[in-house]
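# Chain and residue survey
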Amino acid sequence: MKKLVFLCILVFIAPMFIRAQGFYFDTGINLGLNRSTYVYEQVYDSDSDKFPFEGAPFPLAGHFELNAGYGPFGNIPVYVVAYGEIGSDSNITGGTGAGVLFYPWRLLQLGASVGVHWVDNHPPPSLGNAFGDAFNQALVGIQTDRDYEFVSYHGFAWDISVALDFGKKNHGFLLGLKYSGAVNNFSYSYTITKTQWLWGSEHTETFTGKGNGTKLTTEFTLFVKYAYRKKPF
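Residues numbered from 1 in each chain as written. Predicted model: local features only at pLDDT ≥ 70, side-chain atom pairs only at ≥ 80, totals over all residues. Heavy atoms only, no water.

### Things to note about the overall build of the protein chain
Definition in use: Each helix corresponds to a stretch of at least 4 residues labelled H or I by DSSP, and each strand to a stretch of at least 2 residues labelled E; elements are numbered beginning at the N terminus. Partly exposed describes any residue whose relative accessible area lies between the buried limit of under 20% and the exposed limit of over 50%, with all areas from a 1.4 Å probe on protein chains only and scaled to the type maximum. Any two residues having at least one pair of non-hydrogen atoms within 4.5 Å are treated as being in contact.
Check the secondary structure of the protein chain and you find two helices and nine strands. Ordered by position in the sequence, the α and β elements of the protein chain form the string α-β-β-β-β-β-α-β-β-β-β. Taking all 233 residues of the protein chain together, 40% fall into the buried category. The long-range share in the protein chain, meaning contacts at least 24 apart out of those at least 6 apart in sequence, stands at 73%.

### Structural notes on the pairing of strand β3 (residues 78-88)
Spelled out, the test is: Strands qualify as paired when DSSP identifies two bridges or more between them.
Bridge analysis of strand β2 (residues 60-70) against β3 gives nine bridges, and the strand direction is antiparallel. If you follow Glu65 over to β3, its bridge partner there is Glu85. Pairing of β3 with strand β4 (residues 92-105) involves eleven bridges; the strand directions are antiparallel. Its bridge partner being in β4, Ala82 is matched across the sheet by Ala98. Between β3 and β4, which pair antiparallel one after the other, the connecting turn spans three residues.

### Side note on the pattern of salt bridges
Here is the rule we go by: Should a side-chain nitrogen of Lys or Arg be within 4 Å of a carboxyl oxygen of Asp or Glu, the pair is scored as a salt bridge.
Counted under the stated rule, the structure contains four salt bridges. In this structure, the salt-bridge partner of Glu65 is Lys178, at a minimum N-O distance of 2.6 Å. Of the two residues, Glu65 is situated in strand β2 and Lys178 in strand β8 (residues 171-198); the sequence distance between them amounts to 113 residues. Each member of the pair, Glu65 as well as Lys178, carries the same accessibility label: buried. Between Glu65 and Lys225 there is a salt bridge, with the nearest N and O atoms lying 3.6 Å from each other. You can see Glu65 sitting in strand β2 and its partner Lys225 sitting in strand β9 (residues 201-228), a full 160 residues away along the chain. Relative accessible area serves as the criterion here: at 4%, Glu65 is assigned to the buried category.

### Concerning the nonpolar core
We count it as follows: Residue types Ala, Val, Leu, Ile, Met, Phe, Trp, Tyr and Cys, when buried and joined through side-chain atoms within 4.5 Å, form a set referred to as a nonpolar core.
Formed by Tyr24, Tyr79, Val81, Leu101, Tyr103, Ala163, Leu174, Phe223 and Ala227, the largest nonpolar core amounts to nine residues. At the level of elements, β3, β4 and β9 are the ones that each hand at least two residues to this core. Apart from residues no more than four positions distant in its own chain, Phe223 is found in contact with Ile29, Asn30, Ser161, Val162, Ala163, Leu174, Leu175, Gly176, Leu177 and Lys178.

### With respect to a nonpolar patch on the surface
Inclusion rule: The patches described consist of residues with a relative accessible area above 30% and no salt bridge, like charges being joined within 9 Å and nonpolar side chains (Val, Leu, Ile, Met, Phe, Trp, Tyr) within 5 Å. Every accessible area reported is derived by Shrake-Rupley at a probe size of 1.4 Å, with residue values counting cover from the shown protein chains alone.
Together, Phe102, Leu110, Val162, Leu164, Phe166, Phe173, Leu175, Leu177, Leu222 and Val224 give the surface a local cluster of nonpolar side chains, amounting to about 820 Å² of exposed area. For the nonpolar patch, the elements supplying multiple residues, two or more each, are β7 (155-168), β8 and β9. The topology assignment puts Leu222 in strand β9. Residue Leu222 is classed as partly exposed on the basis of its relative accessible area of 44%.

### Notes on the confidence of the model for the protein chain
One rule of thumb: low pLDDT means the predicted coordinates there are not for detailed reading. Going by this rule: Per-residue confidence from the predictor is reported as pLDDT, which spans 0 to 100.
On average, the protein chain scores 80 in pLDDT, and the residues at 70 or more come to 74%. Put simply, helix α1 (residues 2-19) is where the protein chain has its lowest mean pLDDT, 41, and strand β5 (residues 108-119) is where it has its highest, 96. Overall, residues 1-20 carries pLDDT values under 50, and its contacts beyond four positions in sequence, including any with other chains, amount to eleven contacts. Here residues 132-139 is modelled with pLDDT under 50, and outside its nearest four sequence neighbours on either side it reaches seven contacts, counting other chains as well.

### Comments concerning the side chain of Lys178
Put simply, the test is: In protein, a polar contact means a hydrogen-donor-capable atom and an acceptor-capable atom, both N or O and within 3.5 Å, with residues adjacent in sequence counting only if both atoms are side-chain atoms; elsewhere, any N or O pair within 3.5 Å suffices.
A residue is classified by how much of its surface remains accessible, and Lys178, at 7% relative accessible area, is buried. Reaching out from Lys178, the side chain makes a polar contact with the side chain of Glu65 at a distance of 2.6 Å. The contact partners of Lys178, leaving out residues within four places of it in the chain, are Asn30, Glu65, Asp159, Ile160, Ser161, Glu219, Phe220, Thr221, Phe223 and Lys225.

### Observations concerning the packing of aromatic side chains
Put simply, the rule is: Any two rings among Phe, Tyr and Trp, with Trp reduced to its six-membered ring, count as a pair given centres within 6.5 Å; such a pair is stacked if its planes are under 30 degrees apart, edge-to-face if over 60, and tilted if neither. Sitting over a ring, as applied to charges here, requires NZ of Lys or CZ of Arg to be within 6 Å of the ring centre and within 35 degrees of the ring normal.
Taken as a whole and assessed by the stated rule, the structure comprises eleven aromatic pairs. Over the face of the ring belonging to Phe223 we find Lys178, whose NZ or CZ atom lies 5.9 Å from the ring centre. One Lys or Arg, Lys225, reaches over the ring of Phe223 and ends 4.9 Å from the middle of that ring.

### Some details on unusual backbone geometry
For the bond running from Gly71 to Pro72, omega is -5°, close enough to zero to count as cis. Within the chain, Lys169 stands out as a residue other than glycine whose phi angle is a positive 55°. Tracing the backbone through its elements, the reader meets Lys169 in the loop between β7 and β8. Residue classification places Lys169 among the exposed positions, given a relative accessible area of 76%.

Right, here's the structure in full:
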């Protein structure tokens, strides 16, 4: 049954690529704003309900992106592409997947894609109460020792984009806007030890925690790209 389904898909897709008029390629940089929200599940935290990874609201985000594929198909200005990207928001991130580009007008490109998204295994720089708040860290006579582990798993990503395509003949210059989102699951554990000296005596507090969660990411970016494409118009 699986082979039959695969054969049907191949029979449907192969003629489209055979008829494709040429190679599509674009590459460039996305710069913009990012928001990361952390949703916790199955959490143990000895310091009430205050979690260590909260994420900064709308930090700057930047990504290097590359698309490659084929199109147009006959006189239909549609291009099928695979993409890859790497960059940074509150973590180092990257992804790969597939998408579709469409030209409803010769100077306007619309795009959409889905793919796999990954986040590096380091907690974001914006940390909550469990890792020590800024006020206590500023006091003289307080020492904080941190031991933590943060493991992120591959997740799901999507995006939509709109761009103006400037250029001559097969060479284009894309200037556009993109909205993208991603969902990544993660697990974490930590031990925080705070040592404070009061009136010649040592006072030590230890906070521990572990659990699972989900990082929800949304981005609004401006991108600039070079594109090579054959145009049917």
